[in-house]
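Understanding the architecture of this molecule
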Amino acid sequence: MSEIVRVQEIISKLWNLKIASKNCLNLVTIISSVAYDPSFETNGSFKDFVSRLLARRDSYRIRRFSLKLRSLEFDSAKYNLVNDCVRNVLHRGVLDLELDIDVNEDYTLPFEVFTCKKVVKLKLGSGFVIDNIPKNALLPALKTLSLDKVRFNDKSGGCAFTRLVSACPVLEELVIYRNNREDWEWSCIVSSKTLKRLTILREDWGDLDGSSYESISFDTPSLEYFEYFDVLRDEYPVVNLKSLVEAKLKLPLFMVGDTYDVRNLIKGLKNVQILSFGALDTMQLFYIFREAVPVFENLFHLSLTTEAAFCWAVLPILLEKSPNLKTLTIEALHYDTQEDTVCECLEGYSFLSPCHIEVLRITQFEGDIG
């Protein structure tokens, strides 16, 4: 008889749990994604969109929110509307937040963006300046931060960029897209003990005139992936990349008379396992600073990009400095016996005889049968 009573008790508890679950579902509604993009908007103006959002009851939760504004006619009233919208979304526990706001430079993000405890992924862009980070800034859950043509200018002193990164104690990925002539007022230091992926890209090298670019340091001891497409810097005082696994480099060759010094950057790559050169100029830099090329003990995959009439002088150096290299990938190989485009550095291919590579991969081959 006691067993029957126990079974009835269990059934009763399961039923109560079911009822409670239904009540919870009625209390909280999770919306997977909400977005506003004027290019595809068919349900009214931005003001209407915000009104509908604010009208939802507080129990509505939003996982991902994307806001894209391209108007150049925003005034302070509309800025307030934008910030009311952002604050409301943050209140709803958003995890993935994208604010692509290409408006006038006088727009200021609400401080709540920098004190949100739930945001895991944050993308900011693209026409405004971050000039003030609150002293209580803290993004304890943020793992991915993307800055698309956002500029930094801390009016309160110090470095707004540094304070933002420091406010992200579990940050793992940082992506920075910059304009060719985009200038920041910052400390010129990328520093994070937790960062694992760092991507710095410029639109293009464009009309570089040999101007001086301030030094930059990388204090990122946990970094595993490093993609770097940037102008040359006067110097790289600190390069801490001791955990680096993969690096992709695309740097321009400096002009005659320039005094750029990339030796520390080259030395800092010594632990890399996969190395890719995305431009010929980058390889030329390695040849010019060949005395700084370290022994790549861990490098097992090297990828090079070539063009016709390209000088291969750096390749023997890289092979000699990579005792454990297994795979060599040559992209866009050019060979034309009629034009004699084979560099003298490759004559006889003698440097390949002691080479220990196991896989040679050639893509986009151009040339004649001979």
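Up top is the structure.
Residues numbered from 1 in each chain as written. Predicted model: local features only at pLDDT ≥ 70, side-chain atom pairs only at ≥ 80, totals over all residues. Heavy atoms only, no water.

1. Here we look at the packing of aromatic side chains
In plain terms, the rule: Pairing of aromatic side chains here covers Phe, Tyr and the six-membered ring of Trp, requires ring centres within 6.5 Å, and sorts the geometry by plane angle: under 30 degrees stacked, over 60 edge-to-face, intermediate tilted. Helical segments are the DSSP runs of H or I of at least four residues, strand segments are the runs of E of at least two, and each set is numbered from the N terminus. Partly exposed residues are those whose accessible area sits between 20% and 50% of the maximum for their type, while under 20% is buried and over 50% is exposed, using a 1.4 Å probe and protein chains only.
The full count for this structure, using the stated rule, is 17 aromatic pairs. With a centroid separation of 5.1 Å and an interplanar angle of 40°, the aromatic rings of tyrosine 36 and phenylalanine 49 are classed as tilted. Residue tyrosine 36 is located in strand E1 (residues 29-36), and its partner phenylalanine 49 is located in helix H2 (residues 46-55); the two are separated by 13 residues in the primary sequence. Comparing tyrosine 36 with phenylalanine 49, the two get one shared label, buried.

2. Looking at the side chain of threonine 327
Inspection of the secondary structure assignment puts threonine 327 in strand E17 (residues 327-331). The class for threonine 327 is buried, based on a relative accessible area of 14%.

3. Things to note about the pairing of strand E14 (residues 246-250)
Two faces make up the sheet, and in a regular strand the side chains alternate between them. Our working rule: DSSP bridges decide pairing: two strands pair if at least two such bridges lie between them.
Burial of the side chains of E14 is restricted to one face: Ala247 and Leu249 are buried, whereas none of Glu246, Lys248 and Lys250 on the reverse face is. Pairing between strand E12 (residues 225-229) and E14: five bridges, direction parallel. Paired with glutamate 227 across the strands is lysine 248, a residue of E14. Where E14 meets strand E15 (residues 274-277), four bridges bridge the pair, whose relative direction is parallel. Opposite leucine 249, over in E15, you have phenylalanine 277 as the bridge partner.

4. With respect to empty space enclosed by the protein
What counts is decided by this rule: Grid points spaced at 1 Å and placed over the protein atoms alone form the basis of the search, with a cavity being a set where a 1.4 Å probe fits but cannot get out and a pocket an open set showing protein on both sides within 12 Å along at least five of seven lines. Lining residues have an atom within 4 Å of a point. Grid points are joined across faces, edges and corners, and a volume is the space filled by probe spheres set on the points. Throughout this entry, Asp, Glu, Lys and Arg are counted as charged residues, while Ala, Val, Leu, Ile, Met, Phe, Trp, Tyr, Cys and Pro are counted as nonpolar. The remaining residues, Gly among them, count as polar.
All chains considered together, the criterion is met by three cavities of 30 Å³ or more. The computed volume of the largest cavity comes to approximately 60 Å³. As for the largest cavity, its lining consists of Thr108, Leu109, Phe111, Phe114, Phe128, Val129, Ile130, Asp131 and Asn132. When its residues are assigned to classes, the lining of the largest cavity shows six nonpolar, two polar and one charged.

5. Considering the sheet that holds strand E11 (residues 217-219)
Read across the open sheet, the three strands follow the order E9-E11-E13; overall the sheet is parallel. Since the sheet does not close on itself, it has two edges, and those belong to strand E9 (189-191) and strand E13 (239-240), each with one partner. Judged from the two bridges that link them, E11 and E13 form a sheet pairing that is parallel. The partner of aspartate 219 across the bridge, within E13, is asparagine 240.

6. Quick word on the environment of glutamate 185
Under the convention used in this document: Working rule for contacts: check all heavy atoms of both residues, and any pair within 4.5 Å makes them a contact.
Counting through the fold element by element, glutamate 185 comes out in the loop between strand E8 (173-178) and E9. As for glutamate 185 and phenylalanine 161, which are separated by 24 residues in sequence, their C-alpha atoms are 8.9 Å apart. With sequence-adjacent residues up to four places away left out, glutamate 185 is seen in contact with Phe152, Asn153 and Asp154.

7. Quick look at helix H3 (residues 76-91)
Our working rule: One less than the residue count of a helix, multiplied by 1.5 Å, gives the span that helix is expected to have.
Taking 1.5 Å of rise per residue, 16 residues should cover 22 Å, and H3 covers 22 Å from first to last C-alpha, within 8% of that figure. Along H3, the residues classified as buried are Tyr79, Val82, Asn83, Cys85, Val86, Asn88, Val89 and Leu90. Of the surrounding elements, those touching the buried residues of H3 are H2, strand E2 (60-69) and strand E3 (96-101). At the exit of H3 stands glycine 93, carrying a positive phi of roughly 75°.

8. Examining the environment of phenylalanine 296
Take phenylalanine 296: it is sitting in the loop between helix H6 (280-288) and strand E16 (301-305). Sequence-wise, phenylalanine 296 and leucine 325 are 29 residues apart; in three dimensions their C-alpha atoms are separated by 8.6 Å. Leaving out residues up to four positions away in the same chain, phenylalanine 296 has contacts with Leu269, Lys270, Val272, Leu318, Lys321, Ser322 and Pro323.

9. As for the pattern of salt bridges
Oppositely charged side chains are able to pair whenever their charged atoms sit close together. Which entries qualify depends on this criterion: A side-chain nitrogen of Lys or Arg and a carboxyl oxygen of Asp or Glu constitute a salt bridge if their distance falls within 4 Å.
Taken as a whole, this structure holds 13 salt bridges when the rule is applied. Among the salt bridges present, the one from arginine 64 reaches glutamate 98, with a minimum N-O distance of 3.0 Å. With arginine 64 in strand E2 and glutamate 98 in strand E3, this pair connects stretches of sequence that are 34 residues apart. Given a relative accessible area of 30%, arginine 64 falls into the partly exposed group. By relative accessible area, which is 10% here, glutamate 98 ends up buried. Residue lysine 326 is joined to glutamate 358 by a salt bridge in which the shortest nitrogen-to-oxygen separation is 3.6 Å. Linking lysine 326 in the loop between helix H7 (314-320) and E17 with glutamate 358 in the loop between strand E18 (334-335) and strand E19 (359-363), this pair joins segments that are 32 residues apart in sequence. Classification of glutamate 358 by relative accessible area gives exposed; the value is 61%. A single network of salt bridges, built from pairs that share partners, joins Arg64, Asp96, Glu98 and Lys123.

10. A few points about the pairing of E16
So the rule is basically this: We call a crossover right-handed when, viewed with the strands running away from us, the connection from the first strand over the helix to the second turns clockwise.
Relative to E16, E15 runs parallel, the two being bridged by three bridges. Paired with serine 276 across the strands is serine 303, a residue of E16. Taken together, E15, H6 and E16 constitute a β-α-β crossover, and its handedness is right-handed. Pairing between E16 and E17: five bridges, direction parallel. For serine 303, the partnering residue across the bridge sits in E17 and is threonine 329.

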